[in-house]
Amino acid sequence: MSVTSPRGFRAAGVAAGLKSSGGVDVALVVNDGPDAGVAGVFTTNRVRAAPVLWTQQVVQGGVVRAVVLNSGGANACTGPAGFQDTHATAEHTAAALTSVSPRLILGAGEVAVCSTGLIGERLPMPKLLPGVRSAIRGLSRDGGPAAAEAIMTTDTRPKTTVARGSGWTVGGMAKGAGMLAPGMATMLCVLTTDAVAGPATLDEALRAATRVSFDRVDSDGCMSTNDTVLLLASGASGIEPTPAELAAAVTAACHDLAQQLVADAEGATKQIAIDVVGAADEDQAVEVGRAVARNNLVKTALFGNDPNWGRILAAVGTTTAAFEPDEVDVAVNGVWVCRGGAAAEDRSKVDLTGRDVTIRIDLHAGTSAATIWTNDLSHAYVHENSAYST
């Protein structure tokens, strides 16, 4: 259940001293081939971290043989010097890998770089670069779990996954617990596969997967500067699945990781699925679901185990979606508390004592549907984010 589940990949996670806790904070994933195709999806925030700018350029080349990731610092809003730090990290990683694995012979343009942590401060390169060398020495087929741990920030647990095809596999790891909103999340994600697939096929599969998984996680409405999702293919299985088969497996892996992100959201006590049905089109269903997911009155009500459907209906009304207010139905955990835009079943019948919550909204305006995943807004979220940098 990790990035090294597919054949052709090694990984490592080490402590380089970037985190004040002393925990592991540098991860490395290496593709030993024979292929090295890559696809990537990145934050749509106009303020983008140096590693995002670098890795976007690298992915355009269609070949990535190594991904170096660090927690303990985002290297965002650090100017030209921060970008140079990213470039130096890629150069250092390429040279160090080539020296111990001559068969790789890679350049900086084949090394993706990802960072996560506090925005606005440069990374301590005298610690990071030795950490990269230590990670290279620790590379193994069993290194996936340590790599997943090394990219954690406020996460309480590592997030890994595996999806199996017929003789080939997709594996992955992700981090993210806050700033989870479309454009993806404050997340780093590395997906790997030993299937035979070129960059165009990988890109198609990845975009189809993220559209219905990471892009529909909306924990707190905050978009990160560092979001990066990479899909690497080693071709080590020798099997070339159909584009549909590959997309299905990548989607399954992304969906699993997305659910783990929501389950571990900062301060969350509820994991909430907002199912919007009867929409005029899918985009409108997404718009309605996202409006409810981002509504603090809804989120705080659910934290307090209050099925306040009026807040849900009010949030629906802020959208541009097609619907008639007196035709909307709302159910909370299977109880239709609102029918035709008015009170229906007694809200006291709704059981919100568990962690899982499902809100179903029927717009009666069409046949399209979409699901957005979010969580409640708790005291713990406010406390954690009020003191994040101190």
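Values in this document were obtained by computation on a predicted structure and should not be read as measured data.

Criteria and thresholds
Residues numbered from 1 in each chain as written. Predicted model: local features only at pLDDT ≥ 70, side-chain atom pairs only at ≥ 80, totals over all residues. Heavy atoms only, no water. Helix = DSSP H or I, 4+ residues; strand = E, 2+ residues; numbered from the N terminus. Rg over C-alpha atoms; globule rule 2.2 N^0.38 Å. Buried < 20%, exposed > 50% of the residue type's maximum accessible area, 1.4 Å probe, protein only. Axes fitted to C-alpha atoms, helices over the stretch in contact; angles between N-to-C directions. Parallel < 35°, antiparallel > 145°, perpendicular 65-115°, else oblique. Left-handed = near helix turned anticlockwise from the far one by under 90°. Contact = heavy atoms within 4.5 Å. Nonpolar A, V, L, I, M, F, W, Y, C, P; charged D, E, K, R; others polar. Pairing = 2+ DSSP bridges. UniProt positions renumbered as here; feature names shortened; annotations may be inferred. Polar contact = N/O pair within 3.5 Å; in protein donor to acceptor, adjacent residues only side chain to side chain. Core = buried A, V, L, I, M, F, W, Y, C linked by side-chain atoms within 4.5 Å.

## Structural notes on the overall build of the protein chain
Scanning the protein chain from N- to C-terminus turns up ten helices and 15 strands. Taken against the 2.2 N^0.38 rule, which gives 21 Å for 390 residues, the C-alpha radius of gyration of the protein chain at 22 Å falls within 12% of a compact globule. Expressed along its principal axes, the backbone C-alpha trace of the protein chain runs to roughly 70 × 50 × 35 Å. Looking at the protein chain residue by residue over its 390 residues, the buried ones come to 58%.

## Quick look at the packing of helix 5 (residues 199–211) against helix 6 (residues 243–263)
Running from N to C, helix 5 and helix 6 cross one another at 45°; their axes reach a closest spacing of 8 Å. The angle between helix 5 and helix 6 falls in the class oblique. Seen along the crossing, helix 5 lies across helix 6 with a hand that is right-handed. Contacts between helix 5 and helix 6 involve Thr201, Leu202, Ala205, Leu206, Ala208 and Ala209 on the former and, on the latter, Pro243, Leu246, Ala247, Val250, Thr251 and Cys254. Looking at the contact of helix 5 with helix 6 residue by residue, the classes come out as ten nonpolar, two polar and no charged.

## A few points about the sheet that holds strand 7 (residues 169–175)
Ordered in space as 3-9-8-7-6, the five strands form an open sheet in which the pairing is mixed. Of all strands in the sheet, those bounded by a partner on one side alone are strand 3 (37–42) and strand 6 (159–164). Neighbour-to-neighbour, the strand axes of this sheet turn through a mean angle of 15°, independent of strand direction. In the packing of helix 6 onto the sheet, contacts are made with strand 6, strand 7, strand 8 (188–193) and strand 9 (228–233), and the angle to strand 6 comes to roughly 155°.

## Here we look at the UniProt feature "binding site: substrate" (unreviewed entry) in the protein chain
UniProt marks Thr153, Lys175, Thr186, Glu266, Asn385 and Thr390 with the feature "binding site: substrate" (unreviewed entry), using the numbering shown here. With respect to the helices and strands, threonine 153 occurs in the loop between helix 4 (144–150) and strand 6.

## Comments concerning the sheet that holds strand 4 (residues 66–70)
Read across the open sheet, the four strands follow the order 1-2-4-5; overall the sheet is mixed. For this open sheet the edge positions go to strand 1 (9–14) and strand 5 (111–115), each flanked by a neighbour on one side alone. Between one strand axis and the next, the sheet turns by 10° as a mean value, whatever way the strands run. Where strand 4 lies against strand 5, five bridges are found, and the strand directions are parallel. Note on strand 5: the bridge partner recorded for valine 67 is alanine 112. Strands in contact with helix 2 (residues 79–100) are strand 2 (26–31), strand 4 and strand 5; relative to strand 5, the strand with the most contacts, it is inclined by about 130°.

## Looking at the side chain of aspartate 218
Structurally, aspartate 218 can be placed in the loop between helix 5 and strand 9. Within the structure, aspartate 218 has its side chain in polar contact with the side chain of arginine 290 (distance 3.2 Å).

## Re the pairing of strand 1
The buried count for strand 1 comes to six of six residues, which makes it a mostly enclosed element. Alternating residues of strand 1 divide into Phe9, Ala11 and Gly13 and Arg10, Ala12 and Val14, and every residue in both groups is buried. Across six bridges, the pairing between strand 1 and strand 2 is antiparallel. Note that in strand 2 the partner of glycine 13 across the bridge is alanine 27.

## As for the environment of valine 250
You can see valine 250 is positioned in helix 6. In this structure the C-alpha to C-alpha distance between valine 250 and glycine 235, which are 15 residues apart in sequence, comes to 15 Å. Discounting chain neighbours no more than four positions away, the residues touching valine 250 are Val170, Leu191, Ala205, Leu206, Ala209 and Leu231.

## Brief notes about the environment of threonine 161
Tracing the sequence through the fold places threonine 161 in strand 6. The buried category is assigned to threonine 161, whose relative accessible area is 1%. Residues threonine 161 and leucine 232 lie 71 residues apart in sequence; the distance between their C-alpha atoms is 15 Å. With residues up to four places along the chain from it excluded, the contact list for threonine 161 reads Met1, Ser2, Val170, Gly171, Gly172, Ala253, Asp256 and Leu257. Of the polar contacts made by the side chain of threonine 161, one reaches the side chain of aspartate 256; its length is 2.6 Å.

## Concerning the pairing of strand 7
Consecutive residues of a regular strand have side chains that alternate between opposite faces of the sheet. Taking burial as the measure, the seven residues of strand 7 include seven buried ones, the bulk of the element. As paired elements, strand 6 and strand 7 share six bridges and run antiparallel to each other. Paired with threonine 161 across the two strands is glycine 172, which belongs to strand 7. A loop of four residues connects strand 6 with strand 7, the two strands running antiparallel in sequence, and glycine 167 in this loop sits at a positive phi of about 90°. When strand 7 meets strand 8, the two strands line up antiparallel, connected through six bridges.

## Here's the deal with the environment of threonine 353
Mapped onto the elements, threonine 353 comes out in the loop between strand 13 (342–343) and strand 14 (356–362). In the structure, threonine 353 is positioned 35 residues away from threonine 318 in sequence and 29 Å away in space, judged by C-alpha atoms. A polar side-chain atom of threonine 353 sits 2.6 Å from a polar atom in the side chain of aspartate 351.

## Some details on the nonpolar core
Core analysis: the biggest nonpolar cluster contains 54 residues, and Val67, Leu69 and Met173 have the highest contact counts within it. Top element by residues in this core is helix 3 (residues 125–137). It accounts for six residues. Residues in contact with methionine 173, not counting those within four places in the same chain, are Val3, Val29, Leu69, Ala147, Ala148, Ile151, Lys159, Thr160, Leu188, Cys189, Val190 and Leu257. Core analysis: the second largest hydrophobic core is formed by 32 residues, Leu191, Ala205, Val217 and Ala247 among them.

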